[in-house]
Amino acid sequence: MEGPKGSSKSEMIEHAILELMETNLIFRHVCFEHSVIDDFLLNFYDELKDFSLARRISLKKFTGGDFKQKVSHYFKEIRSECTIVIENFEKIQNNSEIVDFLSHLASFPNVKIIIASRNKRENLFETIKVKDIYVEPISKEYFIEKLKTLNQNIDDELMERFFEITQGLELYLNMSIKYCSNTNVTIVDLIYEYERKNTDFESFIVSKFISLTPSVYKDSFRVLCLLSHPVSIKFLEQYKLADTSRIEYLLNNFLLSKVQDEIYVKEYFKKHVLESISIQEKVNYYTKLSEIYEQELTKSPK
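Residues numbered from 1 in each chain as written. Predicted model: local features only at pLDDT ≥ 70, side-chain atom pairs only at ≥ 80, totals over all residues. Heavy atoms only, no water.

1. A short note on helix α5 (residues 140-147)
Residues Phe143, Ile144 and Leu147 constitute the buried set of α5. End-on view of α5: buried residues confined to an arc of 95°, all on one side of the axis. If you follow the buried residues of α5, they end up packed against α6 (156-165), α7 (170-183) and α8 (187-196). (Buried < 20%, exposed > 50% of the residue type's maximum accessible area, 1.4 Å probe, protein only. Helix = DSSP H or I, 4+ residues; strand = E, 2+ residues; numbered from the N terminus. Arc of directions from axis to C-beta. Contact = heavy atoms within 4.5 Å.)

What follows is the structure in structure tokens.
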């Protein structure tokens, strides 16, 4: 599934897999810039264990081979239909080890993979059957109708200009509507303010959107921006990384995204926040995270 940033690929996937939840085992993975094969293996293995505990599958002990072979063996032996969802694939599409492993899994008759990416598939997955879907930005008519829900006096020329400014991306439209609804700022004022700024619209609206966040939630949000992988609430509590009582607010206000039972920060928010964190703060956080990862590695399956 190819489409530009903010074209609602994740929402489309959520809708698609709802119908599969009862009959298929759903595996989800969100890619980040520095993702490696071990991230995929550990995630898939954890989900396999969860399905086993829920008595949806039975995992027999696997002896011999490495961890990659172990995960591959379990997928191959599962009798249930499996759907693997990979988001932000453009982040790892040049990692041949990951791509080859996903191709290998997709060759099993019981495994289907849904990939969401901003980039074209090019020559990837040539050895397996692939259906390419391109997600178009929303139509201008839909964009304008949604903009009208603000009940503001916006003339046609300004609507056209705003459509061009946002590139017709629903993400930018939704953020603008939410910002205006919460602040009583008009779209007209928002457009005029943006045009006075020397910046791209994404940076502008992300900055505006984050400015709505009360300061009491910002420390937890900053920490989550430093993480380069989804985490569970349990993980945050165990290592005292963030005030988990703040998570619900951040989720409800679209500052956090959720996949399965884990949360993460979308790239456009993360980029903005990381620019405001000093080098020393980053060093302190990453030192602590390195210590945590060392502890987590001792729990990795052999």
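We are not done yet, so read on.
2. Section: the packing of helix α3 (residues 67-77) against helix α4 (residues 96-106)
When two helices pack together, you describe them by how their axes are tilted relative to each other and by the distance separating the axes. Interhelical geometry of α3 versus α4 gives an angle of 25° and a closest axis separation of 10 Å. Comparing their axes, α4 and α3 come out roughly parallel. Both α3 and α4 take part in a crossing whose hand is right-handed. The residues of α4 that touch α3, namely those facing Lys68, Val71, Ser72 and Phe75, are Glu97, Phe101, His104 and Leu105. Counted by class, the contact of α3 with α4 contains 4 nonpolar, 2 polar and 2 charged residues. (Axes fitted to C-alpha atoms, helices over the stretch in contact; angles between N-to-C directions. Parallel < 35°, antiparallel > 145°, perpendicular 65-115°, else oblique. Left-handed = near helix turned anticlockwise from the far one by under 90°. Nonpolar A, V, L, I, M, F, W, Y, C, P; charged D, E, K, R; others polar.)

3. Things to note about the sheet that holds strand β3 (residues 111-115)
Two pairing modes exist for strands in a sheet, parallel and antiparallel, and in both the strands are linked by backbone hydrogen bonds. Taken in spatial order, the 3 strands of this open sheet run β1-β2-β3, and their pairing is parallel. Looking at the sheet topology across the chains shown, the edges are occupied by β1 (24-30) and β3. Averaged over all pairs of adjacent strands, the angle between strand axes in this sheet comes to 20°, irrespective of strand direction. Pairing between β1 and strand β2 (residues 81-87): 7 bridges, direction parallel. If you follow phenylalanine 27 over to β2, its bridge partner there is isoleucine 84. Each of β1 and β2 is contacted by helix α2 (residues 37-53), which is oriented at about 150° to β1, the strand it contacts most. Each of β2 and β3 touches α4; the most contacted strand, β3, lies at about 135° to it. (Pairing = 2+ DSSP bridges.)

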